Amino acid sequence: MSTRNFLFSTSRMIVLLMVVAVSSFSPKFASASPCSTFETCATKNSWPECVDDKMTCEECKAYIEEGNKDKSVFIVPHDSFVTMDYNTDRVRIFCKENYVSRTPTIG
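Calculation rules
Once a new chain begins, its residue numbering starts again from 1 and follows that chain's sequence as written. The predicted origin of the model limits local features to residues at a pLDDT of at least 70 and limits the giving and counting of side-chain atom pairs to 80 or more, whereas totals for whole chains, interfaces and linings rest on all residues. Where side-chain values are given, they derive from all heavy atoms of the structure, hydrogens and water being excluded. Any cysteine sulfur atom paired with another within 2.5 Å is treated as part of a disulfide. Secondary structure counts use DSSP, requiring at least four H or I residues in a row for a helix and at least two E residues in a row for a strand, with both numbered from the N terminus. As defined here, a cavity is a set of points on a 1 Å grid over the protein atoms alone where a 1.4 Å probe fits but cannot get out. A pocket is an open set with protein on both sides within 12 Å along at least five of seven lines, and residues line them when an atom is within 4 Å of a point. Grid points are joined across faces, edges and corners, and a volume is the space filled by probe spheres set on the points. Residue-level confidence of the predictor is what pLDDT reports, using numbers from 0 through 100. Relative accessible area decides the class of each residue, using a 1.4 Å probe on protein chains only: under 20% of the type maximum gives buried, over 50% gives exposed, and in between gives partly exposed. For this analysis, residues touch if any pair of their heavy atoms sits within 4.5 Å. Think of it this way: DSSP has to see at least two bridges between two strands before they count as a pair. Take a side-chain nitrogen of Lys or Arg and a carboxyl oxygen of Asp or Glu: if they are within 4 Å of each other, that pair is a salt bridge.

Counted by the stated rule, this structure contains one disulfide. Across the disulfide, C57 is cross-linked to C95 (sulfur-sulfur distance 1.8 Å). Of this pair, C57 sits in helix α4 (residues 57-67) while C95 is found in strand β2 (residues 90-96), placing the two residues 38 residues apart along the sequence.

Here we come to the layout of surface pockets. Within this model, the largest pocket holds a volume of roughly 190 Å³. For the largest pocket, the lining is made up of 13 residues, of which R92, F94, R102, T105 and G107 are closest to its centre. For the lining of the largest pocket, the secondary structure elements donating two or more residues are β2 and β4 (105-106). Per element, the largest residue contribution to the lining of the largest pocket is three residues, and it comes from β2.

Per-residue confidence for the protein gives a mean pLDDT of 74; residues scoring 70 or more make up 60%. Between the elements of the protein, mean pLDDT differs from a low of 40, seen in helix α2 (residues 27-30), to a high of 94, seen in strand β1 (residues 72-77).

In this fold, K54 is placed in the loop between α3 (38-41) and α4. You can call K54 exposed: its relative accessible area is 60%. Measuring from C-alpha to C-alpha, the distance between K54 and V100 comes to 8.3 Å, with 46 residues separating the pair along the chain. Apart from the residues lying within four places of it in its own chain, the contact partners of K54 are E49 and E59.

Further remarks concern the pairing of β2. Among the seven residues that make up β2, six are buried, leaving the element largely enclosed by the rest of the structure. Looking at chain direction, β2 and β4 are connected through two bridges and run antiparallel. Paired with V91 across the two strands is I106, which belongs to β4. Bridging between β2 and strand β3 (residues 99-100) involves two bridges; their strand directions are antiparallel. The residue bridging C95 from the neighbouring strand is V100, located in β3. Taking the residues that link successive antiparallel strands as the turn, the β2-β3 hairpin has two residues, and the phi of E97 there is positive, at about 55°.

Once that is clear, we can look at the pattern of salt bridges. If charged atoms from side chains of opposite charge come close, those side chains can pair. Under the criterion given, the structure shown has three salt bridges. For D70, the salt bridge goes to K71, with nearest N and O atoms at 3.7 Å. Look at K71 and you get buried, because its relative accessible area is 17%. Where R90 meets D85, a salt bridge forms, and the shortest distance between an N and an O atom there is 3.4 Å. The exposure class assigned to D85 is partly exposed, which follows from its relative accessible area of 44%.

Written out as structure tokens, the structure is:
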């Protein structure tokens, strides 16, 4: 076996071992996320039950704030301009004639 072929096969073996080592590493320790269980990570990020004539904007705001004390909930007019930045601590409720016109989502 030539030196070039030996180095090529050796480097393949090293890459294969690294892939196996990384894939067998427990994701619980590899993750930088504070979530360790499904229950702590399973947060709601949209509220479709508020849409249409089901709830007024104020009722929807109270409903969202009830289960999400850490979120800032804002009521904004349906056709208003808003910033496009994504903020995980913000929920916007778009209202038209005092009813929710779009599904409120985190962001």
